[in-house]
Amino acid sequence: MAYQFLCVYDNKGQFLLPSSLADFLPWVARMSARYWEIAYPSWTGIKIYLGFTLFTVALAYVCPGPVLYGYKVPSLNGQRLAYHCNALWAWWITVATALALHFSGLFRLTQIIDNLGPIMTVAMIWSFLLAGAVYALTALWGKKHRASGNFIYDFFMGVCLNPRIGTLDLKMVTELRVPWPVLFFISLSCAFKQYEEIGYVTPESAFMVLAHWLYSNACNKGEECVMTSWDIFYELESWYLLFWNLAGVPFSYCYSSIYLLKNGPMNFSLGWNVMCYVLLVTGYYFWDTGNSQRNRFRMFWNNTLIKRNAFPQLPKSFIPNAKYLQTSHGNKLLIDGWYAYARKPHYTADLVMSLSWGLITGFGSFFPYFYLTFFTIVLVHRVGRDDARCARKYGADWDEYMRVVPWKFVPYVF
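Residues numbered from 1 in each chain as written. Predicted model: local features only at pLDDT ≥ 70, side-chain atom pairs only at ≥ 80, totals over all residues. Heavy atoms only, no water.

A.B. asks: Even after reading the chapter, I still don't get the nonpolar core, so can you show me in this structure?
C.D. replies: Note that soluble globular proteins tend to have their nonpolar side chains buried in a common cluster. Counting 108 residues, the largest nonpolar core has Phe5, Phe251 and Trp357 as its most contacted members. Ignoring anything within four residues of it in the chain, the contact list for phenylalanine 251 reads Met1, Tyr49, Leu116, Ile119, Met120, Ala123, Val182, Ile186 and Leu246. Core analysis: the second largest hydrophobic core is formed by eight residues, Leu325, Leu333, Ile335 and Tyr394 among them. (Core = buried A, V, L, I, M, F, W, Y, C linked by side-chain atoms within 4.5 Å. Buried < 20%, exposed > 50% of the residue type's maximum accessible area, 1.4 Å probe, protein only. Contact = heavy atoms within 4.5 Å.)

A.B. asks: Teacher, can you tell me more about the pairing of strand 2 (residues 79-84) here?
C.D. replies: Two faces, one strand: in a regular strand the side chains alternate between the faces of the sheet. The sheet contact formed by strand 1 (residues 67-73) and strand 2 spans five bridges and is antiparallel. By the bridge assignment for strand 2, valine 67 is matched with histidine 84. Between strand 1 and strand 2, which follow one another and run antiparallel, lie five residues, and asparagine 77 among them has a positive phi close to 55 degrees. (Pairing = 2+ DSSP bridges. Helix = DSSP H or I, 4+ residues; strand = E, 2+ residues; numbered from the N terminus.)

A.B. asks: Just to check I follow, could you spell out the packing of helix 8 (residues 170-177) against helix 9 (residues 179-198) for this structure?
C.D. replies: The axes of two packed helices give the description: the angle between them and the distance between them. For the pair helix 8 and helix 9, the least separation of the axes is 4 Å and the interaxial angle reads 25 degrees. Taken as axis vectors, helix 8 and helix 9 run roughly parallel relative to one another. For the pair helix 8 and helix 9, contact is made by Val173, Thr174, Glu175, Leu176 and Arg177 and by Pro179, Trp180 and Pro181, respectively. Class assignment for the residues of the contact of helix 8 with helix 9 results in five nonpolar, one polar and two charged. (Axes fitted to C-alpha atoms, helices over the stretch in contact; angles between N-to-C directions. Parallel < 35°, antiparallel > 145°, perpendicular 65-115°, else oblique. Nonpolar A, V, L, I, M, F, W, Y, C, P; charged D, E, K, R; others polar.)

A.B. asks: Would you explain unusual backbone geometry in this entry?
C.D. replies: In terms of backbone geometry, most residues other than glycine have negative phi values and most peptide bonds are trans. The omega torsion across glycine 264 and proline 265 is -5 degrees, close enough to zero to call that bond cis. Along the chain, proline 265 turns up in the loop between helix 14 (255-263) and helix 15 (270-301). Cis geometry marks the peptide bond from phenylalanine 311 to proline 312; its omega dihedral reads -10 degrees. Within the secondary structure, proline 312 sits in the loop between helix 15 and strand 5 (324-326). We note that asparagine 77 has phi near 55 degrees; this positive angle belongs to a residue other than glycine. Inspection of the secondary structure assignment puts asparagine 77 in the loop between strand 1 and strand 2.

A.B. asks: Where do I start with the packing of helix 10 (residues 203-221) against helix 14 in this structure?
C.D. replies: As a packed pair, helix 10 and helix 14 sit with axes 9 Å apart at the nearest point and diverge in direction by 160 degrees. With respect to each other, helix 10 and helix 14 are oriented roughly antiparallel. Both helix 10 and helix 14 take part in a crossing whose hand is left-handed. Across the interface between the two elements, Glu204, Ser205, Met208 and His212 from helix 10 touch Ser256, Ser257 and Leu260 from helix 14. For the contact of helix 10 with helix 14, the per-class residue count stands at two nonpolar, four polar and one charged. (Left-handed = near helix turned anticlockwise from the far one by under 90°.)

Any functional reading would require information beyond the geometric quantities listed.
Have a look at this one:
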């Protein structure tokens, strides 16, 4: 992350390389010195990142919202944990507050991009501290889950299943309410900075603000759908999850926005920009509705489905009387809606959006395509892992499911 930050923020998206093999160690020293110069954890960085985090946590406690219940947790003797789903209120209050602070002059949002290095360093340090606290308290209370006995492995992979502070579910907050809003505010900060520098916001920078607003808004408006996901129900809160959510996501997925600021205006053709916008909106539609279809199908059978009118509500977000394959294990596998055509259509849509985030910057740098590259590797690996796990879990029923829905990502292609 530090290397990529220096390349994009300090070198206009071009690789920083040693001049020779003999120059490698001096190059490392120069890079380290430069990173510390522009990204040390300053008091301003601490105030911005932890101030936002504390504000987010406070809103999670006080904002109105429905209380819903997740799956039965075997380790809690079948208890169903309550989730206060008020992220949507918190999200809009945060956006309104940030804009009010900016336009009043009390806190200019351009301070985010001006202090991005220190903020990122604070986020990385904070993720280590929080992961350490979660591990230590879980061990102290004797509530480790699936521990291997190897400290390094357990710290990396986690030992705490349901970290909570009162009604606050730490996994829900760190997965949804911190990373994606931070990413949005980085892009918004870049757009405001560009306006200050050249007097207008380019279509490309506006694209990234829209892209990250859509993603963050979707995560918050559909918070109740996440509580039945694998991440919340089964995954352990770990260093790698905390580090990636609190630092990796917002500060690795923002390269397109920073690149456009440092290298703009790009002056691409109207046709190119329209193509990128169409890709983004199309990908978003299938991603939003695909996630909604599968999660609301689960919620329907979990008796937690509620009707919400959060903006935007898209056609085909819910499938009444959806077709499914009943397994002998007891679970139902959705074979309707977009899931009648592919097993992971929401992944395909996600990749289309990530592709558009790169294309809007052109082809002058690899770093705006880092998200697409990384995400493709992660999703292909995850699908293979999930197929193997489901084959073990469902046996012949999974074979039948793969016969009914043979395509993973794109019908008749892959």
